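So you can see what is in the structure, the chains are spelled out below.
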Amino acid sequence: MPPAPPEQLVFRALADPTRRDILLKLRGHEMTIAEVADGFDMTRAAVKKHLTMLSDGGLIEVQARGRERINRLNPAALSPLRDWLSIFDEFWEDKLAALKTAVEKDTKT
Amino acid sequence: MTTHAIEKTLILAAPPADVWAFLTDPDKLEIWFHRPQTALTQPGPYSMPGEDGEPLVWGDVREATAHSRLSMSFTARPMGGLMTEVTWTLTAVEAGTRLHLLHDGIPAGAEAFGLLTAFDGGWDDHLVRLRKASVAD
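Below or above, wherever it landed, is the structure these notes cover. (Residues numbered from 1 in each chain as written. Chains lettered and ligands numbered in written order. Predicted model: local features only at pLDDT ≥ 70, side-chain atom pairs only at ≥ 80, totals over all residues. Heavy atoms only, no water.)

## A word on the pairing of strand β6 (residues 96–107) of chain B
Residues and elements named next belong to chain B.
Piece 1. Pairing analysis gives 9 bridges linking strand β1 (residues 3–12) to β6, with the strands arranged antiparallel. What sits directly across from glutamate 7, in β6, is leucine 102.
Piece 2. Between strand β5 (residues 84–93) and β6, which pair antiparallel one after the other, the connecting turn spans 2 residues. (Pairing = 2+ DSSP bridges. Helix = DSSP H or I, 4+ residues; strand = E, 2+ residues; numbered from the N terminus.)

What follows is the structure, encoded as structure tokens:
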């Protein structure tokens, strides 16, 4: 198995709603580019570009099968993002700091 | 589904009544969190709209005991409909108020995939720090 790609590439791949839709579509299904493109209102070239970014982020694996390129979800690449505890932890740290500032400013005045 | 809790405690140099206002009053919540459409002082549904006017954070106030305890269910747009539980406990201390936060029911593991893919614009930048990497997009 190749080493995990830098998180940046994962985040960048996930930042676009179309790419997230593609990932959802690939959940549980291997698909050719044409199959992925079916249902999206864009050119096959545009879909291919999205698939390349997903592949760069390690979120999908692309395998040549005859003349086709088969795209498959790689759930393992999502592991850096799975940690909702740390996301919420940071969220509350920031919010509580803002609360403390607001409360204490209000009390002094 | 495996869930986890986050607990935070902080001391605020203000009496519990003041802190309570910041947890329940829309004008005060707006300063540090998001503005709810109604005060969070009664059991019942609450909603905090985002800039686009659609609900960003919502749930039900379960218990609102003035100046001491506020508990509510809590979800946010990127959470894909998953409800968690947030409980604030306020205790008067010499320095002011000890505020305790319990955020329970946070999923860990593969469930988060659904949450992630539910991301869209408009959520608080803390949770969307993930999107910052998208500059080169």
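## Looking at empty space enclosed by the protein
Piece 1. Under the counting rule described, the total for this entry stands at 2 cavities of 30 Å³ or more.
Piece 2. As for the largest cavity, its lining consists of Trp92 of chain A together with Leu23, Leu29, Trp32, Phe33, Leu40, Tyr46, Met48, Met72, Phe74, Val86 and Trp88 of chain B.
Piece 3. Going through the elements one at a time, α2 (26–32), β2 (44–49), β4 (69–76) and β5 of chain B are the ones with two or more residues in the lining of the largest cavity.
Piece 4. Class assignment of the residues belonging to the lining of the largest cavity gives a composition of 12 nonpolar, no polar and no charged. (1 Å grid on protein atoms, 1.4 Å probe; cavity = no way out; pocket = protein on both sides within 12 Å on 5 of 7 lines; lining within 4 Å. Points joined across faces, edges and corners; volume = space filled by probe spheres on them. Nonpolar A, V, L, I, M, F, W, Y, C, P; charged D, E, K, R; others polar.)

## Considerations on the packing of helix α2 (residues 17–26) of chain A against helix α4 (residues 44–56) of chain A
All names here are of chain A.
Piece 1. Their axes nearest at 10 Å, the elements α2 and α4 cross at an angle of 75°. With respect to each other, α2 and α4 are oriented roughly perpendicular. For the pair formed by α2 and α4, the contact residues are Thr18, Arg19, Ile22 and Leu23 on the first element and His50, Leu51, Met53 and Leu54 on the second.
Piece 2. Residues belonging to the contact of α2 with α4 are distributed by class as follows: 5 nonpolar, 2 polar and 1 charged. (Axes fitted to C-alpha atoms, helices over the stretch in contact; angles between N-to-C directions. Parallel < 35°, antiparallel > 145°, perpendicular 65-115°, else oblique. Contact = heavy atoms within 4.5 Å.)

## Points about the sheet that holds strand β3 (residues 55–65) of chain B
Backbone-to-backbone hydrogen bonds join strands into a sheet, with any given pair of strands oriented parallel or antiparallel.
Residues and elements named next belong to chain B.
Piece 1. The 6 strands lie next to each other as β1-β6-β5-β4-β3-β2, forming an open sheet whose pairing is antiparallel. Among the strands making up the open sheet, the edge pair consists of β1 and β2. Within the sheet, the average angular offset between the axes of one strand and its neighbour, ignoring direction, is 20°.
Piece 2. The strands touched by helix α1 (residues 16–24) are β1, β3, β4, β5 and β6; relative to β5, the strand with the most contacts, the crossing angle is about 160°.

## Examining the packing of aromatic side chains
Piece 1. All chains considered together, the criterion is met by 8 aromatic pairs over all chains.
Piece 2. With a centroid separation of 5.9 Å and 75° between ring planes, the pair formed by phenylalanine 91 of chain A and phenylalanine 33 of chain B is classed as edge-to-face. Note that phenylalanine 91 of chain A is positioned in helix α5 (residues 84–108) and phenylalanine 33 of chain B in the loop between α2 and β2, a pairing that runs across two chains.
Piece 3. Pairing tryptophan 32 of chain B with phenylalanine 33 of chain B gives two aromatic rings, centres 5.3 Å apart and planes at 50°, and the pair type is tilted. (Phe/Tyr/Trp six-rings, centres within 6.5 Å; stacked < 30°, edge-to-face > 60°.)

## Side note on the nonpolar core
Piece 1. In this structure, Phe74 and Trp88 of chain B are the most contacted members of the largest nonpolar core, which totals 35 residues.
Piece 2. Broken down by element, the residue count for this core peaks at 7 residues, all from α5 of chain A. (Core = buried A, V, L, I, M, F, W, Y, C linked by side-chain atoms within 4.5 Å. Buried < 20%, exposed > 50% of the residue type's maximum accessible area, 1.4 Å probe, protein only.)

## Focus: the environment of proline 16 of chain B
Residues and elements named next belong to chain B.
Piece 1. Here proline 16 shows up in helix α1.
Piece 2. As a C-alpha pair, proline 16 and glycine 96 span 80 residues in sequence and 7.0 Å in three-dimensional space.
Piece 3. When residues no more than four places from it in sequence are discounted, the contact partners of proline 16 are His67, Leu90, Thr91, Ala92, Gly96 and Thr97.

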